[in-house]
Each structure stands twice: as structure tokens, then as C-alpha cells.
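Letter by letter, the chains look like this.
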Amino acid sequence: MTRLSTWAQWQDRSRRGGGTPIPTAGSSLTSSDRRQPTVRRATDRTGFTDKPSCDSRQAFLRLSTSGNPPKTGLGRFDLDSTEHHPTPSGTFGRVEVITRESGEDAGGDKGWFGHHRRRTSSTASATSSSGNGGGRTSVDLAGEGKPGEVVEVRYFLTRDVVDVRNEVDDSTKSGNIWLPTKNFSVSSWASCDGARIDLLINKEARYHEHHFHLRQHDPRELRVSHHALDGFGAKTCRFIVSHLGQQVMERWVKINPASGKVDGPRMVSTIASSVVFSPEKNMVVNYGFFDSGMTRAKELYVYTSHYHKRWLGDLISANPRVREVPFTQLALAGAHDAGMLGEIDQKLLNFIHNGDVDIAMPLIAKALPFVQSLLSVLRTFKFETARILENMANTQKDSIKDQLTMGVRFFDFRPGYCLYDAAVGAQGYLHHQHAIVPGMPYVMFLITLLDFLVENPEEIIFFEIKSDDFAIGKTSLNEKTGLPTVLTMIPTLEELGAALEEARTCASTSSARDIVIGNPTDLRRSIGDLIDSNTRLIIADRVHFPDDWERADSYSHEAYDTDEPARVEAALKLTYAAAITRAAKKESPAATIYQLQATPTAQIWADVGASLSFSDASSLLVWSKARMDRVTYKWIDDTTFIEPGNVIFLNDFVDGALVEQALEKSQERCDIWLAKYGSKN
């Protein structure tokens, strides 16, 4: 009898819109060939493909020349699988090996997923039950052959198929100690129905997917694998995002473990790695890459989530009673330092390089001691000033419009005058300020919010005005003339009002004037009342009215000046405990801000070292985000937020995964309120 090694693979065609239902419990793939055992494929909703696909289900069968029982597998296999080295990433059913009557068990390799079971028969038939309530399959075993021979291999697609997800640790077991090695950590999140992320790290691969039939599993899981790239040549690292078998996007980067050099379009720049929207597929993709040069491990995160541009309106459509709920019951995804994005202002670079910053140095050193050290470093590394400042100051990489489209509804915005103007007694224009670095113009920020609200009449936006860590907080007067020599970077209430009026005038439509501006007292009104009155832009000015919005905040410099996730998680838990105490005492609603990002300002030289890499994807904040998300996102998922007031999750490089978690918590909080106080109609 000829013994064959057979690699059988079939692909789910229905994900492309056709076919019949997936085989149910008890469906089997069998062979009745008396001369050699082969694999019969289920015809329901399946078809053959000759090469491994990024969206495939596979069966594996190997027979030895001596006739020993085969090595079998039934499941999902990673992209690096080959005929002789299959790499599993999840079960898909079970396998039974049937032999002729023999005094010995079939034995052999039990494979990776299924269980080999010996079945015996005389010359009539052997009958197998599929298990899990499945049907029955019979096959005639009559004919020539030797006892103990493998006659048939059955692949049973049980109901367990719908419960399977990839939980295999695909991390590198160990690198080659004799070769240059670069460590690379990869995080993935897949909560969008039909989404799949394929990650190919040199010769290793894994995937992360979520499909409709996996709903009984909680999809909100951030998976991570750690890889070792070794050798002297460039290694290609790639990710592919697909939806129901159709590719949505692909990015790649080549990494040389020996030199640390990287190359790859749209991966070697933090600014360029912006969000990708696919509204027709109800999908959002966020990704970020950290190029560590030869210092830390490189990091990549890829998140797929649903498209939540109009999530509040969708929530109301699904349950109109949500209109009764106070706005304070909502949990909001928030952007930390929301306006810090894009390229560094050339005027600031000139101000530093020309030495003009010395005018304001006494005030800067008093207000922000670490900035004095930073400026000293920048003078030393003039050729990388822009990159160093971008890496330290840019906390977002997606535009405000894109953040809104993702579903972000809370913004930490810090409007102020630029250092290079204030230091010489001028005002200029208001920008978001991060210490000494200006970001997005305040008027442009307001215009974007107003245009979005006009386009989406059931959405509400809330933002906070702050002046934290402004380099110049007071105006200095000339003792002889009484005229200002150095102006404060903090705007007056009237100047903020003028900016809002300018934004109303410059908005895309005159309907922007119909948007009513709310204040923190409006937060307690019902969602429906706010929408009906068009009070849909709520501003908490904590610069001029610090007591108007009572809130708790997990941030402290001591806790967050770190790159250790455990310290940030401890701060979150401490803040949560205090919030629960408020809830138990039935105190007045006070919002709680949970900051998820770390801000290691003490590591200035680490930032500089990271910036001296071969690319513009060297922001330590990206590295920190990937590490923090693995802990903080799980903490959010595991926590029930019952405290009074809005719950706000603030993060750097805000993403759709965070929006999805906030939306889930909003639904929970709305349901709790409606059960206690809602109308019965």
C-alpha cells in the first residue's frame, strides 16, 4: 500500500459572501478509499486552496512509509506553517484515526489538537459518533489489508468550532546567542466583527481575529507576543489587516538586528502612522511603531475596532430611553494633550537655536526645572532638535477630526500663547501648549468641533481648558516704564471668548452659531435635554473657574513619572477606591479622570537616546503606550464603574479600542441608571 503525506487545507468561502452554512456538530471529513487513507473535505461552505492563506482553516495528515499511524491536525494554522512544520494557532474540531482490527492501539503521534482513537471492525463496517451531539458516519472496511493499518482519518467539525479563538503564545522561544539580536514586542486588539490581523515577524507569524460566531467570547483582549530578530541581514516585519477575507491595509518595516537600522514606508514616522477608517466595513485600525535604534526593544501595536463616529446617536437609536439618562452617566474616551500633534513649529526651533530663549530662562527654570535641562540638551544636539521635541511633546498623531470620528468625546486642551512670543512681550495666536512646545491652533480646534457637531446632531462634546506646566505663567513688568517685558502664556477669559467667536465665524456653515455652549452645570442634565436644546459643546474652564467642575484625577507626578505599568495601575486602583467611597456616601456627582498614559519626564536622556535612531518613529511615548495599554485596558475591562459623575479615560495616541471600552462602560452605567430611575414606558 502506498503511503502518502497529504497537506489538505480549505478556506471559508462564505466570508466573501457566498456558500451554505458552516458545517454543524458532527460534520466530518472522511475517506472511504480502501487503498490509502486520504482526507475528504466538508463541502458545506468550504473549498480547496493549494497554498496557505491568511484566512484559512486547515487539516493536516502525514503517513510514514512504514505504515505507522499518521500525524494529524485540524485547526487554524499560522502563516509560517509548512507541510513539514505546521504551526498551530487554535483548534477546529477533533480527529479520529481508524485502523483495522488489531490487538494493539493505533498509537502514534496524537497530533496537536485532536485525539486519535482506534476503531476495530470485522468485514462489515465501523461506525463513529462525532461527539457533542453530532451525527453518525459509517464506512465499509472490507477488503485487503493488514491488521493495524490506518484505514481512515476522520476530521470532525464539532460545535467547539464556534468557541475557538487563537490563544497560542507565538513568542520566540529563544534567540541565537551567537548572533546580533533585536527584541521586538507586538500587541494586537481585535474586537471588530469579521476583522483579522496577521502579524509576520521575520519567519514567525501569528494572527488575531474576531468573527460573528465568536461573540460568546469577550473580544476585548489585548494580546502580546515577544520576538527575537537575530542575524546580520534585514528582517521584514509586516502586518496585514483584513475583513471577512478582504485585505483592508498592509504595512511593513525592515529591521537590521546588527545595526538597528529600519526602513519601511509609513512605519518609520510616528506622525505618518495615522488611523485608517473603513466605514463600509464598520472598521477602525490604529497602529504605532517604536524604533528603538540599538537601545530598547522595538514595539508595534495594531488595534482593530468598530466605527463609532456617531456612537451616542447609535446608543439612542438602539434604546430611546437613553435620552432620559443624565450626561454624567456616560463614560468617555479622552485625548490627553489633545492638540499636541504634527510637526514642530519652526519659530520655536529658531528661538532655541538663536539663543533668544535665554530671555525667559529665569522664569522657565522657576516654573519647570526639567525644561532647563531639556534646553541644555537641545543645544547639544542641534541637528535632532525637532525630532527630540516631537518625541517628548507630541502625545497624539491623529487630527482632532479623526479623533472625533474614532468616537473620542473628551479633550484635554491647553490653549496659550507661544513661548517665543510671550518672552518678548508679544501675544500672537493661541495654540495648545505643552510646556514650551506649541501644538494645534485653538481656533482651528474649535472650528473642527463645531463642524462635527453640525454634521452629527445627536453627538455631544466635552472639553477641559487647562494651563498645566506652562513655561511662563505671569507677566513681568519693566520697573522703570511699567510696560510688560515678558507676557504670560495664559489667555484671559475675554481672549478665550474672542477665539470662540472667531471659530463660529470661520466654521463651515452658519449653523455653527446655533450650537449652544454649555458649562459644567449642564453635565447633570439629561442627554435628551442637551440634544433638544442644542447644548452640545460643554466647556470646563479650569483656568478661570477651577471650582466649577469638581473632579478626581488619578494623575500625580510621582506616580506617573515612570515607565512601569504597575505604578500607573496602582494609581488607577487608588483613584477608583476613592470614587467608590464617594458613591457609597452618595456624594454629589464628581467626575473621575483615569489617566492611562505614563509621562516619564525624568528620563530626558532616554528620550534623547531614543531620538538618535535611524527613523522618525522613535517616540518613547509610543513605546510607553504599547506597554501601558496591556495593563490599563485590561484593568478597565475588569472594573465596574459605578461612581457618580462622568468617567473619563484619558490616553496618549487615543484609539478605537479605548473608545470601544468607554462605550461598553457607558452602556453599563446607562442600564444601571434606567433600572433605578428610568421611566417604565
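Keep in mind that this is a model prediction, so the values were computed, not measured. Along each chain, residue indices are assigned from 1 in the same order as the chain's sequence is written. With the structure being a predicted model, the display of local features is reserved for residues of pLDDT at least 70 and the display and counting of side-chain atom pairs for 80 or more, all residues being used for whole-chain, interface and lining totals. With hydrogens and water set aside, each side-chain value is computed from the structure's full complement of heavy atoms.

1. What about the overall build of the chain?
Strands here are runs of E lasting at least two residues and helices are runs of H or I lasting at least four, both read from the DSSP assignment and numbered beginning at the N terminus. A count of helical and extended segments in the chain gives 15 helices and 33 strands. Between buried and exposed lies partly exposed: a residue is buried under 20% and exposed over 50% of the maximum accessible area for its type, with that area taken using a 1.4 Å probe on protein chains only. Taking all 681 residues of the chain together, the buried fraction comes to 57%. In this description, accessible areas are obtained by the Shrake-Rupley approach with a 1.4 Å probe, and a residue is regarded as covered only by the protein chains that are shown. Surface summary for the chain: the accessible area is close to 27500 Å², and the carbon and sulfur share equals 50%.

2. Examining the pattern of salt bridges
Charged atoms that come close allow side chains of opposite charge to pair. Any carboxyl oxygen of Asp or Glu within 4 Å of a side-chain nitrogen of Lys or Arg constitutes a salt bridge here. Following the criterion strictly, the structure yields 27 salt bridges and no others. The partner of Asp-198 in a salt bridge is Arg-196, and the shortest N-O contact between them spans 3.0 Å. Per residue, the accessibility class of Asp-198 equals that of Arg-196, and both read buried. One salt bridge in this structure joins Lys-625 and Asp-655, with 2.6 Å as the shortest N-O distance. With Lys-625 in helix H14 (residues 620–638) and Asp-655 in the loop between strand E33 (647–651) and helix H15 (656–677), the pair connects residues that are 30 residues apart, well separated along the chain. As far as burial versus exposure is concerned, Lys-625 and Asp-655 are alike and both buried. Among the ionic contacts, a cluster of salt bridges with common partners joins Asp-337, Asp-412, Arg-414, Lys-466 and Asp-468.

3. Regarding helix H1 (residues 311–318)
When we look at burial in H1, the residues that qualify are Trp-311, Leu-312, Gly-313, Leu-315 and Ile-316. Buried residues along H1 sit in contact with strand E21 (331–335), helix H10 (527–532) and H15. When checking whether two residues touch, look at their non-hydrogen atoms; a contact exists if any pair is within 4.5 Å.

4. Brief notes about the nonpolar core
Within the largest apolar cluster, 69 residues are counted, with the highest numbers of intra-cluster contacts made by Phe-411, Tyr-442, Phe-445, Leu-449, Phe-463, Leu-537 and Phe-649. Residues in contact with Phe-463, not counting those within four places in the same chain, are Phe-411, Phe-413, Tyr-442, Phe-445, Leu-446, Leu-449, Leu-537, Ile-538, Ile-539 and Ala-540. By nonpolar core is meant a set of buried Ala, Val, Leu, Ile, Met, Phe, Trp, Tyr and Cys residues that side-chain atoms within 4.5 Å join together. Judged by nonpolar contacts, the second largest core, of 33 residues, contains Ile-352, Leu-374, Ala-393 and Ile-472.

5. What about the packing of aromatic side chains?
Under the pairing criterion, centres of Phe, Tyr and Trp rings, with the six-membered ring standing for Trp, must be within 6.5 Å; the plane angle then separates stacked pairs below 30 degrees from edge-to-face pairs above 60, leaving the rest tilted. The tally for this structure, following the rule as stated, stands at 24 aromatic pairs. Between Phe-413 and Tyr-442 the ring centres are 5.6 Å apart and the planes differ by 35 degrees, which places this aromatic pair in the tilted class. Of this pair, Phe-413 sits in strand E22 (residues 410–413) while Tyr-442 sits in helix H8 (residues 442–455), placing them 29 residues apart in sequence. Residue classification places Phe-413 among the buried residues on the basis of a relative accessible area of 0%. Given a relative accessible area of 2%, Tyr-442 falls into the buried group. Counting every residue linked through ring pairs, the aromatic cluster contains Phe-411, Phe-413, Tyr-442, Phe-445 and Phe-463. Seen from the ring of Tyr-207, Arg-196 lies directly overhead, with NZ or CZ sitting 3.8 Å from the centre. A cation over a ring is seen here: Lys-397 above Tyr-287, with NZ or CZ 5.9 Å from the ring centre. Sitting over a ring, as applied to charges here, requires NZ of Lys or CZ of Arg to be within 6 Å of the ring centre and within 35 degrees of the ring normal.

6. Topic: the side chain of Glu-459
One can find Glu-459 in the loop between H8 and strand E26 (461–465). Here the side chain of Glu-459 touches Leu-312 through a polar contact of 3.3 Å, landing on its backbone nitrogen. Apart from the residues lying within four places of it in its own chain, the contact partners of Glu-459 are Lys-309, Arg-310, Trp-311, Leu-312, Gly-313, Arg-409, Phe-452, Leu-453 and Arg-536. N or O atoms closer than or at 3.5 Å make up a polar contact, with two conditions inside protein: a donor-capable atom paired with an acceptor-capable one, and, for residues adjacent in sequence, both atoms drawn from side chains.

7. Things to note about the layout of surface pockets
Buriedness of a pocket was judged along seven lines, with at least five required to meet protein on both sides within 12 Å; pockets are open sets of points on a 1 Å grid over the protein atoms alone, cavities are sets where a 1.4 Å probe fits but cannot get out, and lining residues have an atom within 4 Å of a point. Grid points are joined across faces, edges and corners, and a volume is the space filled by probe spheres set on the points. The space that makes up the second largest pocket amounts to roughly 480 Å³. Lining the second largest pocket are 18 residues; nearest its centre among them are Gln-329, Ile-642, Pro-644, Lys-676 and Tyr-677.

8. Focus on unusual backbone geometry
Even without being glycine, Asp-337 reaches a positive phi, approximately 45 degrees. You can see Asp-337 is positioned in the loop between E21 and helix H2 (346–353). Phi at Asp-469 is positive, roughly 60 degrees, even though this residue is not glycine. One can find Asp-469 in the loop between E26 and strand E27 (476–477).

9. Quick notes on empty space enclosed by the protein
The final tally for this structure, using the stated rule, is seven cavities of 30 Å³ or more. Reported here for the second largest cavity is a volume of approximately 60 Å³. Lining the second largest cavity we find Thr-270, Ile-271, Glu-390, Asn-391, Asn-394, Asp-616, Ser-619 and Phe-653. Put simply, Ala, Val, Leu, Ile, Met, Phe, Trp, Tyr, Cys and Pro go in the nonpolar bin, Asp, Glu, Lys and Arg in the charged bin, and everything else, Gly too, in the polar bin. Looking at the lining of the second largest cavity residue by residue, the class counts come to two nonpolar, four polar and two charged.

10. Quick look at the sheet that holds E33
A sheet is described by the order of its strands in space; here eight strands give the open sequence E29-E30-E26-E22-E21-E33-E32-E31, paired in parallel fashion. A single partner strand is all that each edge strand has here, and the edge strands are strand E29 (516–518) and strand E31 (551–553). Along the sheet, successive strands turn relative to each other by an average axial angle of 25 degrees, direction set aside. Strands pair, by our definition, only if DSSP identifies at least two bridges between them. In the sheet, E21 pairs with E33 via five bridges, with the strands oriented parallel. Bridge pairing in E33 places Ala-333 opposite Phe-649. Angular values range over 0 to 180 degrees, each being the angle between N-to-C directions of two axes fitted as lines to C-alpha atoms, with helices fitted over their stretch in contact.

11. Observations concerning the sheet that holds strand E24 (residues 430–434)
One open sheet accounts for three strands, arranged E23-E24-E25; its pairing is antiparallel. Looking along the sheet, the strands with just one partner apiece sit at the ends: strand E23 (415–417) and strand E25 (437–441). The sheet shows a mean angle of 60 degrees between the axes of neighbouring strands, taken without regard to direction. Against the sheet, H8 contacts E23, E24 and E25, and its axis sits at roughly 35 degrees relative to E25.

Limitation: the analysis is restricted to geometry and does not speak to function.
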